[in-house]
Amino acid sequence: MKNSAVYLISSVLGIASLSYAGENLRSFLGEISDSQCAMNVHSLTHSHQEMLKSKGLMGGTSAQCTTHCAKQMGGEFVLAAGKQVYHLDNQEEAGKFAGQRVKISGTLNAKTKTIHVAKTEPED
């Protein structure tokens, strides 16, 4: 009886892990931005340009503005893809590409608009 229960639990766990691993990876192209600029909290244009012109403390580049807002202003790194903004589950990885255009491979939770990041690389 114990062996049957162990086999059943192992089978269920195996199916669950296969269904997650079997999710289709998608590619997402955009810029690693901060949530404030990307969601118009501090910017009316979904960009850093407005903030860079008006506030010297944000730095002089998109990368500096993104990093400052994400680390000092309570924001988070996001992927800005046109008018779409996606949350990223791997903030440490996203921070390495702050202010850069990237290609992210991952799966999307459409309900939360969060990308489970498998890989991030500079956009070609």
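Above this text is the structure in question.
Residues numbered from 1 in each chain as written. Predicted model: local features only at pLDDT ≥ 70, side-chain atom pairs only at ≥ 80, totals over all residues. Heavy atoms only, no water.

> I'm lost on empty space enclosed by the protein in this one. Help?
One way to see where empty space is left: roll a probe the size of a water molecule over the atoms. Evaluated as defined, the whole model comprises one cavity of 30 Å³ or more. What the largest cavity holds in volume is close to 30 Å³. Every residue lining the largest cavity is listed: Ile32, Leu88, Asn90, Glu93, Ala94, Ile104, Val117 and Thr120. Residue assignment for the lining of the largest cavity shows that the elements contributing at least two residues are helix 5 (91-95) and strand 5 (114-122). Classifying every residue of the lining of the largest cavity gives five nonpolar, two polar and one charged. (1 Å grid on protein atoms, 1.4 Å probe; cavity = no way out; pocket = protein on both sides within 12 Å on 5 of 7 lines; lining within 4 Å. Points joined across faces, edges and corners; volume = space filled by probe spheres on them. Helix = DSSP H or I, 4+ residues; strand = E, 2+ residues; numbered from the N terminus. Nonpolar A, V, L, I, M, F, W, Y, C, P; charged D, E, K, R; others polar.)

> Whenever I open this one, the packing of aromatic side chains confuses me. Can you help?
When we look at a pair of aromatic rings, we describe it by the centre distance and by the angle of the planes. Per the counting criterion, the structure on display carries one aromatic pair. Lying over the aromatic face of Tyr86, Lys113 brings its terminal NZ or CZ to 5.9 Å of the ring centre. (Phe/Tyr/Trp six-rings, centres within 6.5 Å; stacked < 30°, edge-to-face > 60°. Lys NZ or Arg CZ within 6 Å of the ring centre and 35° of its normal.)

> Teacher, can you tell me more about the nonpolar core here?
Within soluble globular proteins, side chains that are nonpolar generally end up buried alongside one another. Counting 14 residues, the largest nonpolar core has Ile32, Leu79, Leu88, Ile104 and Ile115 as its most contacted members. Secondary structure elements with two or more residues in this core: strand 1 (26-34), strand 2 (77-81), strand 3 (84-88), strand 4 (101-109) and strand 5. Sequence-distant contacts of Leu79, defined by excluding residues within four places in its chain, comprise Phe28, Leu29, Gly30, Glu31, Ile32, Gln84, Val85, Tyr86, Leu88, Val102, Ile104 and Ile115. (Core = buried A, V, L, I, M, F, W, Y, C linked by side-chain atoms within 4.5 Å. Buried < 20%, exposed > 50% of the residue type's maximum accessible area, 1.4 Å probe, protein only. Contact = heavy atoms within 4.5 Å.)

> Explain the pairing of strand 2 to me, please; I cannot follow it from the model alone.
On a regular strand, each side chain points to the face opposite its neighbour's, so the side chains alternate between the two faces of the sheet. Within strand 2, four of the five residues are buried, leaving the element largely enclosed by the surrounding structure. For strand 1 and strand 2, the ladder comprises four bridges, and the chain directions are antiparallel. Across the sheet, the residue bridging to Asp34 is Phe77, located in strand 2. Of the strand pairs in this sheet, strand 2 and strand 3 are connected by four bridges, and their pairing is antiparallel. Bridge pairing links Ala80 to Val85 in strand 3. (Pairing = 2+ DSSP bridges.)

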